Amino acid sequence: MTGAHSVEKIGGTSMAATATLFDNVLVAGRSGSELYNRIFVVSAYAGMTDLLLEHKKSGAPGVYARFALGNGDDGWRGALEDVRTAMHDRNADMFARVESLREADSFVDRRIDALRACLDDLHRLRSHGRFCLKEQLITVREMLAGLGEAHSAHSTALLLRDRGINAVLVDLTQCDQNDIDTLDARILKALEPIDLSTQMPIVTGYAGCEGGMIRRYARGYSEMTFSRLAVLSGAREAIIHKEFHLSSADPKLVGVDRAKKIGRTNYDVADQLANLGMEAIHPRAGRGLRQAEIPLRVRNTFDRKDEGTLICGDYVSSTPRVEIVTGIRTIHALQFFEQDMVGEKGYDAAILDVLTRHRVWIVSKSSNANTITHYLSASSEAVARVIADLEERYPGATISTQTVAMVSVIGSDISEPGLVPRALNALADAGIVMIAMQHQIRNVDVQFIVGCDDYARSITALHAALVERSSGAHQAAA
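Residues numbered from 1 in each chain as written. Predicted model: local features only at pLDDT ≥ 70, side-chain atom pairs only at ≥ 80, totals over all residues. Heavy atoms only, no water.

Remarks on the overall build of the chain
Secondary structure assignment for the chain yields 17 helices and 14 strands. A globule of 478 residues ought to have a C-alpha radius of gyration of about 23 Å, and the chain, at 24 Å, matches this closely. Taking the principal axes of the C-alpha coordinates as reference, the chain spans close to 70 × 70 × 35 Å. Residue burial in the chain is summarised as follows: out of 478 residues, 52% are buried. In the structure as shown, the chain presents an accessible area of about 21,900 Å², 49% of it carried by carbon and sulfur atoms. In the chain, 53 positive and 60 negative side-chain charges are present, and the distance between their average locations comes to 2 Å. (Helix = DSSP H or I, 4+ residues; strand = E, 2+ residues; numbered from the N terminus. Rg over C-alpha atoms; globule rule 2.2 N^0.38 Å. Buried < 20%, exposed > 50% of the residue type's maximum accessible area, 1.4 Å probe, protein only. Areas by Shrake-Rupley, 256 points an atom, 1.4 Å probe, with all protein chains shown as cover. Lys, Arg positive; Asp, Glu negative; His and termini not counted. Charge placed at Lys NZ, Arg CZ, Asp CG, Glu CD.)

The structure is reproduced here in structure tokens:
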């Protein structure tokens, strides 16, 4: 690979806007050789993975969730037919050529029929009480996830070929149990026969590989495929196409006219956003790009002319500034108090062990002489199990939890003098009581803990004080 190419990932919402995607990303006015030297990694169409697994936000059961219940109910079959219908409907909306529509539907039917036959076999096996299918359920989840990306990649490649573009489907979803490669090996093998100067690879975001993509990366798996493709092929740039700009705050909270495109930032900021659950890039995916010194660009699919936000490893703002105000509306503050902790070691490691065993995401933590507080993104049930384990291990400790909101001001360099006092004054002027605060020495973020009901007002107040007014002051100085 020469490094003359880009590797580009398209999110599910952007995939669903097919006409815009072709006009603004896949073709975007290019012709001839301009169309090539680009590799595209595609997500499933918006909502499809929710139907296959479970709804990402509401938790409403999809095919996997229904199959995993294992209570004799065969509702998963109806759910799988709902997926077939949804994929056929999507194809009908996209394809003008009857022959292409027939080919797209046939591809879907072959995949779904094969998957249904597999699930039927497992369902019959499970009906015998001696068999436990816990390990196989993980494989079922992987297979179902891959179906969504196989559908979108196949349809996209077919649509491109209908337009005279030499698109090649690179289907990483299928693998043989007797030949399970690592993710890197699968990618390298798939790229080997492709000539990037004359072919446009359309790659499935899911890859069947050793260890399982969902098991290792949850639903951030397509970003790992994207990242490894960029690193292994030596891309000049990695690009993510989303339905929004990477902005200084959520436009729905602060107003479309007030939110500003960030424009430039670094991987430190991307890591902070990932830690807060914002969909910039999966932290492990970002790490690979950073180590390979590949810049990442986040572009808005619906804003063709805008170059988006460029994320580089060595970028630091020329003047200290807050680049984004964001946070988590509801997290659990787990407070562990033990009078005997003073001068003793081991408490921190023991708490971390319990949190790790229960797979609880630690957003942040703080401590003093006898108290350790972890801010956790997890279900109430998971936190309750954590508390029960800690109380059993430390009967003399006082362990409590409360739901709070975390609001962070983030930037590649936020060492601006007086920033924290201005932030505190902005919260106070808005009538918001701050519960806690953390400011790291690295000067990348400051975290404010407030009541859940104060989340939106805190974002608005801090954005007005630290982004909008600061931008005005810098422009006046210029």
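Let's talk about the sheet that holds strand S2 (residues 38-42)
Spatially, S3-S4-S2-S1-S5-S7-S8-S6 is the arrangement adopted by the 8 strands of the open sheet, whose pairing is mixed. Bordering the open sheet on either side are strand S3 (167-170) and strand S6 (264-266), each of which pairs with just one other strand. Put simply, the sheet's adjacent strands are angled 25° from each other on average, direction ignored. Sheet analysis places S3 next to strand S4 (residues 200-204), joined by 4 bridges and oriented parallel. Within the sheet, the bridge partner assigned to Leu-169 lies in S4 and is Ile-202. Along the sheet, helix H12 (residues 267-275) makes contact with S6, strand S7 (296-300) and strand S8 (309-312), crossing S6 at roughly 75°. (Pairing = 2+ DSSP bridges. Axes fitted to C-alpha atoms, helices over the stretch in contact; angles between N-to-C directions. Contact = heavy atoms within 4.5 Å.)

A closer look at the side chain of Arg-299
In this fold, Arg-299 is placed in strand S7. Here Arg-299 occupies a buried position and makes no salt bridge, while the nearest side chain of opposite charge, Glu-307, is found at 4.1 Å. Within the local environment of Arg-299, its side chain forms a polar contact with the backbone oxygen of Arg-304, the two atoms lying 2.8 Å apart. Those residues in contact with Arg-299, other than ones at most four positions away along the chain, are Ile-239, Ile-240, His-241, Lys-242, Phe-244, Arg-304, Lys-305, Asp-306, Glu-307 and Gly-308. (Salt bridge = Lys/Arg side-chain N within 4 Å of Asp/Glu carboxyl O. Polar contact = N/O pair within 3.5 Å; in protein donor to acceptor, adjacent residues only side chain to side chain.)

Topic: the pairing of S8
The alternating pattern of S8 places Thr-309 and Ile-311 on one face and Leu-310 and Cys-312 on the opposite face, and all of these are buried. With 3 bridges connecting them, S6 and S8 associate as parallel partners. Bridge pairing links Arg-264 to Leu-310 in S8. In this structure, S7 lies alongside S8, joined through 3 bridges in antiparallel fashion.

Quick word on the nonpolar core
By size, the foremost hydrophobic cluster in this structure holds 96 residues, and its most contacted members are Ile-202, Phe-226, Leu-289 and Leu-296. Per-element tally for this core: the top contributor is helix H7 (residues 134-162), with 10 residues. With sequence-adjacent residues up to four places away left out, Leu-296 is seen in contact with Phe-226, Ala-238, Ile-239, Ile-240, Tyr-267, Ile-281, Leu-289, Thr-309, Leu-310 and Ile-311. Membership of the second largest hydrophobic core comes to 24 residues, among which are Val-325, Ile-414, Val-420 and Ala-426. (Core = buried A, V, L, I, M, F, W, Y, C linked by side-chain atoms within 4.5 Å.)

Points about a nonpolar patch on the surface
Taken together, the side chains of Leu-424, Met-434 and Met-437 define a hydrophobic patch exposed on the protein surface, amounting to about 210 Å² of accessible area. Tracing the backbone shows Met-434 in strand S13 (residues 434-439). (Patch = residues over 30% accessible without salt bridge, like charges linked within 9 Å, V, L, I, M, F, W, Y side chains within 5 Å.)

Quick look at unusual backbone geometry
Unlike most non-glycine residues, Ala-28 shows phi in positive territory, near 50°. With respect to the secondary-structure elements, Ala-28 resides in the loop between helix H2 (18-26) and S2. Unlike most non-glycine residues, Glu-293 shows phi in positive territory, near 60°. With respect to the helices, strands and loops of the structure, Glu-293 is situated in the loop between helix H13 (283-291) and S7.

Quick notes on the environment of Thr-401
In this structure, Thr-401 sits in strand S12 (residues 398-410). By relative accessible area, Thr-401 is classed as partly exposed at 38%. Ignoring anything within four residues of it in the chain, the contact list for Thr-401 reads His-332, Ala-333, Leu-334, Val-383 and Ile-387. Within the structure, the side chain of Thr-401 is placed 3.4 Å from the backbone oxygen of Ala-333, a separation counted as a polar contact.

Here we look at the side chain of Thr-225
Of note, Thr-225 is situated in helix H10 (residues 221-233). Accessibility expressed as a relative area gives 0% for Thr-225, which makes it buried.

Overview of the packing of helix H14 (residues 347-357) against helix H15 (residues 380-393)
The interhelical angle for the contact between H14 and H15, taken along N-to-C directions, is 145°, at an axis separation of 10 Å. Seen from above, H14 lies across H15 with right-handed handedness. Facing Ala-350, Ile-351, Asp-353, Val-354, Leu-355 and Arg-357 of H14, the residues of H15 in contact are Val-386, Asp-389, Leu-390 and Arg-393. Looking at the contact of H14 with H15, its residues break down into 6 nonpolar, no polar and 4 charged. (Left-handed = near helix turned anticlockwise from the far one by under 90°. Nonpolar A, V, L, I, M, F, W, Y, C, P; charged D, E, K, R; others polar.)

Notes on the environment of Ile-459
Looking at the secondary structure, you find Ile-459 in helix H17 (residues 455-477). Every residue in contact with Ile-459, bar those within four places of it in the chain, is listed here: Ala-249, Leu-253, Val-254, Val-325, Thr-326, Gly-327 and Val-407.

Considerations on helix H8 (residues 183-191)
Of all the residues in H8, the buried ones are Leu-183, Arg-186, Ile-187 and Leu-191. Buried residues along H8 cover an arc of 125° about the axis, so they all sit on one side. The inward-facing, buried residues of H8 abut S2, helix H9 (213-217) and H10. (Arc of directions from axis to C-beta.)

Describing the pattern of salt bridges
Close approach of charged atoms lets side chains of opposite charge pair. Across all of its chains, the model carries 25 salt bridges by this definition. Two residues, Arg-84 and Asp-109, come together in a salt bridge whose shortest N-O distance is 3.0 Å. Taken together, the residues span a long stretch of sequence, with Arg-84 in helix H5 (residues 75-94) and Asp-109 in helix H6 (residues 98-126) at a distance of 25 residues. Owing to a relative accessible area of 23%, Asp-109 belongs among the partly exposed residues under this scheme. One salt bridge in this structure joins Glu-468 and Arg-258, with 2.6 Å as the shortest N-O distance. Of this pair, Glu-468 sits in helix H17 while Arg-258 sits in the loop between helix H11 (251-254) and S6, placing them 210 residues apart in sequence. By sharing partners, the salt bridges in this structure join Arg-77, Glu-81, Arg-84, Asp-109, Asp-113, Arg-116 and Asp-120 into a single network.

Read these as geometric descriptors, not functional statements.
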